[in-house]
Amino acid sequence: GDSVTQMEGPVTLSEEAFLTINCTYTATGYPSLFWYVQYPGEGLQLLLKATKADDKGSNKGFEATYRKETTSFHLEKGSVQVSDSAVYFCALSNTGGFKTIFGAGTRLFVKA
Amino acid sequence: NAGVTQTPKFQVLKTGQSMTLQCAQDMNHNSMYWYRQDPGMGLRLIYYSASEGTTDKGEVPNGYNVSRLNKREFSLRLESAAPSQTSVYFCASSEGFSGANVLTFGAGSRLTVL
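Residues numbered from 1 in each chain as written. Chains lettered and ligands numbered in written order. Predicted model: local features only at pLDDT ≥ 70, side-chain atom pairs only at ≥ 80, totals over all residues. Heavy atoms only, no water.

Turning next to the layout of surface pockets. Its boundaries defined by the atoms lining it, the largest pocket holds a volume of some 730 Å³. The wall of the largest pocket is formed by 31 residues, among which Q38 and R107 of chain A together with Q37, V88 and R110 of chain B lie closest to the centre. Of all the secondary structure elements, the ones that give two or more residues to the lining of the largest pocket are β10 (86-94) and β12 (106-111) of chain A together with β9 (87-94) and β11 (109-113) of chain B. Tallying contributions element by element places β12 of chain A first for the lining of the largest pocket, with four residues. Classifying every residue of the lining of the largest pocket gives 14 nonpolar, 12 polar and five charged. Of the volumes computed, that of the second largest pocket is approximately 240 Å³. Those elements giving two or more residues to the lining of the second largest pocket turn out to be β1 (3-6) and β11 (100-102) of chain A together with β5 (43-49) of chain B. When grouped by side-chain class, the residues that make up the lining of the second largest pocket number six nonpolar, three polar and four charged. (1 Å grid on protein atoms, 1.4 Å probe; cavity = no way out; pocket = protein on both sides within 12 Å on 5 of 7 lines; lining within 4 Å. Points joined across faces, edges and corners; volume = space filled by probe spheres on them. Helix = DSSP H or I, 4+ residues; strand = E, 2+ residues; numbered from the N terminus. Nonpolar A, V, L, I, M, F, W, Y, C, P; charged D, E, K, R; others polar.)

Here it is, written out as structure tokens:
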């Protein structure tokens with residue numbers, strides 16, 4: 001079945017450091033790929049998405065590129081801030097489907 | 001715009017007790033979902049409702065029932081709570097039917113079963 005694997009955390013960075021959170025997936029067909037973010041005490045919210053191969057999703061300085069050849073969707077940000085501290089979830093959903101599959105989540109701590 | 005509202009935010013139950021988690025959305029979304037979140041396991045789908053009048057099992061439906069009351073509301077019921085159901089529960093909604101299935105989540109309900 002479909003699955004998502006993302007790097008284990010926690011990831012601890014200093015402010016202004018470069019961030020990469022790795023995500024790989026297994027899926028039939030051509031899924032849409034997502035990154036969701038969960039701030040403390042809140043529900044998940046969409047950070048960015050990509051719906052086809054080579055698409056780049058971007059939002060709030062975060063980027064991820066849909067790489068079909070490596071089945072990956074790694075999250076990157078050039079300069080993290082303390083306010084980026086949260087749990088990040090990679091996810092996939094097959095087009096027209098109703099089942100979104102989530103990775104286990106990666107907790108990010110950013111130190112001032 | 002409230003988005004997705006779920007109640008209660010916190011609940012403590014004893015083993016064998018029953019309860020219902022309520023969820024409502026005001027975005028005119030067609031599809032609604034219940035997930036549970038456990039440490040190290042991400043989110044797992046319990047049940048979903050693709051459209052008003054339909055419900056389907058997700059990955060972990062055992063011990064739960066759902067009701068799609070109308071287009072806005074989707075409730076999750078635990079008939080006889082067990083300690084294994086201690087978790088954080090999230091309701092979500094989406095437009096459904098086409099394109100990338102972007103989910104909008106509620107703030108979560110933390111349930112402890114003693």
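So much for the structure itself; the text now carries on.
Take the state of the cysteines next. What the rule picks out here adds up to two disulfides over all chains. Here C23 of chain A connects covalently by a disulfide to C90 of chain A, the sulfurs 1.9 Å from one another. Where C23 of chain A bonds to C90 of chain A through sulfur, the torsion about that S-S bond is close to -70°, and the disulfide is left-handed. Of the two residues, C23 of chain A is situated in strand β4 (residues 23-26) and C90 of chain A in strand β10; the sequence distance between them amounts to 67 residues. On the accessibility criterion, C23 of chain A (1% relative accessible area) is buried. Bridging C23 of chain B to C91 of chain B, the disulfide has an S-S length of 1.9 Å. Judged by the sign of its S-S torsion, about -75°, the cystine formed by C23 of chain B and C91 of chain B is left-handed. Here C23 of chain B is found in strand β3 (residues 19-25), whereas its partner C91 of chain B is found in strand β9, with 68 residues between them in sequence. (Disulfide = S-S within 2.5 Å. Buried < 20%, exposed > 50% of the residue type's maximum accessible area, 1.4 Å probe, protein only.)

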